[in-house]
Amino acid sequence: MTDLAVLLQPTPAPNGRTGRDDVLAAIRGNTGVRPPVDPGLSGGLREWLEDGLCSLPLDRDSELVVTKQTLRGEGRKDSESITSAIAIGALMHALFRQYVTTGRIEDPMEDGLASLELDPRRSATVRFVHRLGGSALHQFRDELETQTAILVGRWPRLSPGWMPRTQERVAVPLAGGNVVLAGVIDLVIGSPSSGQATVGLVEAKSGRPRLEDRDDLRFYALLETLRSGAPPFRVATFYTRSGQVDAEDVYDELLASCVMRVLGAIRRDLVGHR
Amino acid sequence: MIGTALPSMALPRSRSLTDALIAPADSRVSRSELGEIRRRLEDGLLESAGSLGIHQRVRIDAYRLRFHASEPSGPDVFAWGPRTARRPIALEGVRGWLANKRLTPIQAVAEAVERLTRAADERRGAGGSLGTWLAGLRLGAKSTVQAEAVTLATQLIGAIDWPRLTHPFVGDDRSISFASVPQIVLRGRIEVRSPIALGSLQDGYPSGSAVFAVMTGRPTSTARHELGLAGLTVALDPKLGPAIRVIGWWPQCGRALVLPVDGQLLETTVSAILATLRSPTTASTGPRRPSGRWATGVRNATARTTTGEVPIAS
């Protein structure tokens with residue numbers, strides 16, 4: 001057995017439960033409560049957004065794509081801004097997806113790079129990793145293997161009935177297509193709603209927990225509600241650096257505050273471009 | 001966009017989509033009207049073929065219709081990747097799931113990848129085939145492709161009330177060409193084709209067809225033509241009964257559009273096809289996809305294999 005294989009064994013939690021049980025419990029929340037879907041909620045949120053957009057000076061000849069980065073006031077990262085942390089994040093996303101889908105990871109660096117090399121948009125990240133050498137490469141590999149070990153040790157085997165699917169793209173057009181709310185959700189679980197909130201959203205993060213992480217998920221909760229007509233019952237962030245989960249139930253108020261945030265970000269974006 | 005948009009609030013979505021898909025036929029294109037549309041199409045194709053090189057073959061598909069309307073430059077040369085491979089693998093996975101509903105989407109897709117890879121091995125690697133490409137991937141890359149397919153397969157499985165469909169055909173893409181213009185092929189992209197009862201509209205056919213197409217992104221200005229092309233390839237296929245309706249579903253935004261296959265839809269689709277053929281970019285490019293069984297990929301849920309291309313007598 002290699003050193004890595006030893007590392008990949010699940011670590012028992014102090015209370016006797018495995019770390020996986022804790023993660024699973026955090027993602028599931030209170031399993032006895034799956035709130036009924038208010039049939040008017042999705043339409044109401046959409047109308048609120050549409051009304052808000054009506055009062056904004058949108059450019060009718062172009063499309064404004066609103067992502068979680070827009071809401072944070074960040075621009076897109078270019079190839080010059082690749083750092084070790086960003087590269088670790090990209091590789092861990094690929095490995096998280098691989099682990100959820102296949103249940104195995106053989107060599108974190110090899111598997112992660114093989115995944116990223118398929119995507120031309122990731123070429124800068126791949127180049128960055130290939131250029132690492134000496135102690136920088138050693139540290140990078142060390143961090144990647146540690147986070148992978150935490151992922152494998154803590155991430156639970158999901159019930160087949162949860163129908164896990166990864167990297168689900170959501171794009172909700174508003175204002176006749178002039179504004180598009182867009183996102184890619186790392187993991188969606190649960191079958192489509194039949195009247196109760198049955199879907200959960202999970203994001204995997206390789207960095208330290210930040211306040212904005214919850215905002216990202218609330219934005220995705222709004223996207224899912226607008227897309228499917230039903231809000232998710234819960235959203236969660238899984239941190240591959242620590243194996244911890246930050247999760248919260250989704251309430252109407254949470255979605256309403258997100259609508260305000262989206263409208264505020266669009267207003268700010270439009271003003272910034274004038 | 002003309003058509004009926006399904007209300008997004010109705011839950012479960014699969015019920016309203018399936019209701020729309022299998023609703024009894026209330027109208028159909030008459031034989032004489034279809035004959036007129038067919039003649040106009042054939043004449044237009046013949047005219048366009050005159051400007052093609054002797055060995056040039058052109059395929060008109062949804063991608064070409066969309067690209068023609070939106071991009072000034074030619075489309076990229078086709079290459080297998082997670083985005084291009086996910087659909088054939090997902091459809092193979094859904095067929096496997098229909099045959100054995102105890103499989104989860106993840107398991108069904110894993111088996112599909114295994115089957116495709118094995119089939120490529122047995123045929124000693126047909127150049128450019130999906131199976132050959134998959135067989136050459138490393139674990140991390142193959143997992144990404146598999147994950148993409150799982151997501152699409154799960155969406156399709158959850159989109160429809162499958163027990164309510166009678167003998168659905170999954171991944172029933174249709175390619176048709178006229179005997180007089182064999183170098184131009186029309187390809188309709190069809191995720192699910194469901195036979196539906198014709199009632200008083202039978203006119204010698206045992207059943208009609210309703211088509212379900214999973215669309216990418218969000219509805220665009222060419223969506224109607226893209227869906228119309230799927231309807232047209234079914235309507236012109238002499239082995240099938242009349243095409244009754246096409247449903248386009250955009251999982252990324254949750255929208256659905258129901259289009260009855262009527263004379264107007266087919267006429268506007270023919271116009272879009274001919275306009276695409278007349279565009280300089282189409283005339284200068286050949287077929288995008290590699291040849292091979294999985295490239296044409298026409299199989300169905302009940303394991304009846306149809307041919308990849310249906311020639312239509314002139």
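Quick notes on the rules
- Within any chain, residue numbers begin from 1 and follow the written order of that chain's sequence.
- Chain letters start at A and ligand numbers start at 1, both assigned in the order the entries are written.
- Confidence filtering applies because this is a predicted model: local features only for residues at pLDDT of at least 70, side-chain atom pairs given and counted only at 80 or more, and all residues used for totals across whole chains, interfaces and linings.
- The basis for every side-chain value is the complete set of heavy atoms in the structure, and neither hydrogens nor water enter the calculation.
- Numbering goes from the N terminus for both helices and strands, where a helix is a DSSP run of H or I of at least four residues and a strand is a run of E of at least two.
- Residue exposure (1.4 Å probe, protein chains only): buried if accessible area is under 20% of the type maximum, exposed if over 50%, otherwise partly exposed.
- We call two residues in contact whenever any of their non-hydrogen atoms come within 4.5 Å of each other.
- Residue burial considers only the protein chains on display, and all accessible areas are found by Shrake-Rupley using a 1.4 Å probe.
- The rule for pairing is simple: two strands pair if DSSP sees at least two bridges between them.
- Lines are fitted to the C-alpha atoms to define the axes, a helix being fitted only along its stretch in contact, and any angle between axes, read from their N-to-C directions, falls within 0 to 180 degrees.
- With the strands pointing away from the viewer, any crossover whose connection runs clockwise from the first strand over the helix to the second is right-handed.
- Between the rings of Phe, Tyr and Trp (Trp by its six-membered ring), a pair exists once the centres lie within 6.5 Å; its type follows the angle of the planes, with under 30 degrees stacked, over 60 edge-to-face, and the other angles tilted.
- Charge-over-ring placement is defined geometrically: NZ (Lys) or CZ (Arg) within 6 Å of the ring centre, and within 35 degrees of the ring normal.
- Think of pLDDT as the predictor's per-residue confidence, scored from 0 to 100.
- The term buried area denotes the loss of accessible surface (1.4 Å probe radius) that occurs when two parts are joined, taken as the sum for both partners.
- Every case where a carboxyl oxygen of Asp or Glu lies within 4 Å of a side-chain nitrogen of Lys or Arg is listed as a salt bridge.

A.B. asks: Tell me about the overall build of chain A, residues and numbers included.
C.D. replies: From N to C terminus, chain A includes ten helices and six strands. Within chain A, buried positions represent 51% of all 274 residues. In chain A, the share of contacts with a sequence separation of at least 24, taken over all contacts with a separation of at least 6, comes to 71%. Taken as a whole, chain A presents about 12,500 Å² of accessible surface, with 52% of it coming from carbon and sulfur.

A.B. asks: A description of the sheet that holds strand β9 (residues 255-260) of chain B should follow, citing residues and the corresponding values.
C.D. replies: Residues and elements named next belong to chain B. The strand order across the open sheet formed by six strands is β1-β9-β8-β7-β6-β3, and the pairing between neighbours is mixed. Either end of the sheet is taken by a strand with one partner, and the two such strands are β1 (4-5) and β3 (169-170). This element, helix α7 (residues 139-159), spans β6 (192-196), β7 (208-214) and β8 (243-250) of the sheet and lies at about 140° to β7.

A.B. asks: Residue-level account of the pairing of β7 of chain B, with values.
C.D. replies: All names here are of chain B. Counted residue by residue, β7 has seven buried out of seven residues, so it is predominantly covered. Covered by surrounding structure in β7 are Gly208, Ala210, Phe212 and Val214 together with Ser209, Val211 and Ala213, the residues of both alternating faces. Of the pairings in the sheet, the one linking β6 to β7 comprises five bridges and is antiparallel in character. Note on β7: the bridge partner recorded for isoleucine 196 is glycine 208. Of the strand pairs in this sheet, β7 and β8 are connected by six bridges, and their pairing is parallel. Bridging from a neighbouring strand, valine 214 pairs with tryptophan 249 of β8. Chirality of the crossover, the property in question, places the unit of β7, helix α8 (residues 223-235) and β8 among those that are right-handed.

A.B. asks: Please provide a residue-by-residue account of the pairing of strand β2 (residues 165-174) of chain A, values included.
C.D. replies: Residue and element names in this part refer to chain A. Most of β2 is tucked away: nine of the ten residues are buried. The sheet contact formed by β2 and strand β3 (residues 179-189) spans nine bridges and is antiparallel. Across the sheet, residue valine 170 finds its bridge partner in β3, namely glycine 183. The hairpin turn running from β2 into β3, its antiparallel successor, is four residues long, and alanine 175 in that turn takes a positive phi close to 50°.

A.B. asks: How would you summarise the packing of aromatic side chains if you had to cite specific residues and measurements?
C.D. replies: All told, the structure shown has seven aromatic pairs over all chains when counted by the stated rule. When the ring of tryptophan 155 of chain A is compared with that of phenylalanine 238 of chain A, the centres are 5.1 Å apart and the planes differ by 70°; the resulting orientation is edge-to-face. Placement of the pair is tryptophan 155 of chain A in the loop between α8 (134-154) and β2 and phenylalanine 238 of chain A in strand β5 (residues 234-239), with a sequence separation of 83 residues. Considered together, tryptophan 155 of chain A and phenylalanine 238 of chain A belong to a single accessibility category, that of buried residues. Of the aromatic side chains, those joined through ring pairs into one cluster are Phe96, Trp155 and Phe238 of chain A. Across the ring face of phenylalanine 233 of chain A, the terminal group of arginine 34 of chain A is positioned such that the distance to the ring centre comes to 3.6 Å. Lying over the aromatic face of tryptophan 97 of chain B, lysine 101 of chain B brings its terminal NZ or CZ to 5.4 Å of the ring centre.

A.B. asks: Describe in detail the confidence of the model for chain B, supporting the description with residues and values.
C.D. replies: Reading fine detail from the predicted coordinates is not recommended where pLDDT is low. Residues and elements named next belong to chain B. Mean pLDDT over chain B: 85, with 83% of residues reaching 70 or higher. Within chain B, the element-level pLDDT minimum falls on helix α11 (residues 293-296), averaging 30, and the maximum on β3, averaging 98. Confidence drops under a pLDDT of 50 for residues 287-307, and excluding neighbours within four residues, the segment shows 60 contacts in the predicted structure. Model confidence for the complex is summarised by a pTM of 0.89, with the ipTM given as 0.91.

A.B. asks: So what about the interface of chain B and chain A? Which residues, and what values?
C.D. replies: Contacts between chain B and chain A engage 35 residues on the former and 40 residues on the latter. Buried area between chain B and chain A, both sides added, is near 3,200 Å², and the carbon and sulfur share of it is 56%. Inspection of the chain B/chain A interface yields five salt bridges. Between arginine 169 of chain A and glutamate 148 of chain B there is a salt bridge, with its nearest N and O atoms 2.8 Å apart.

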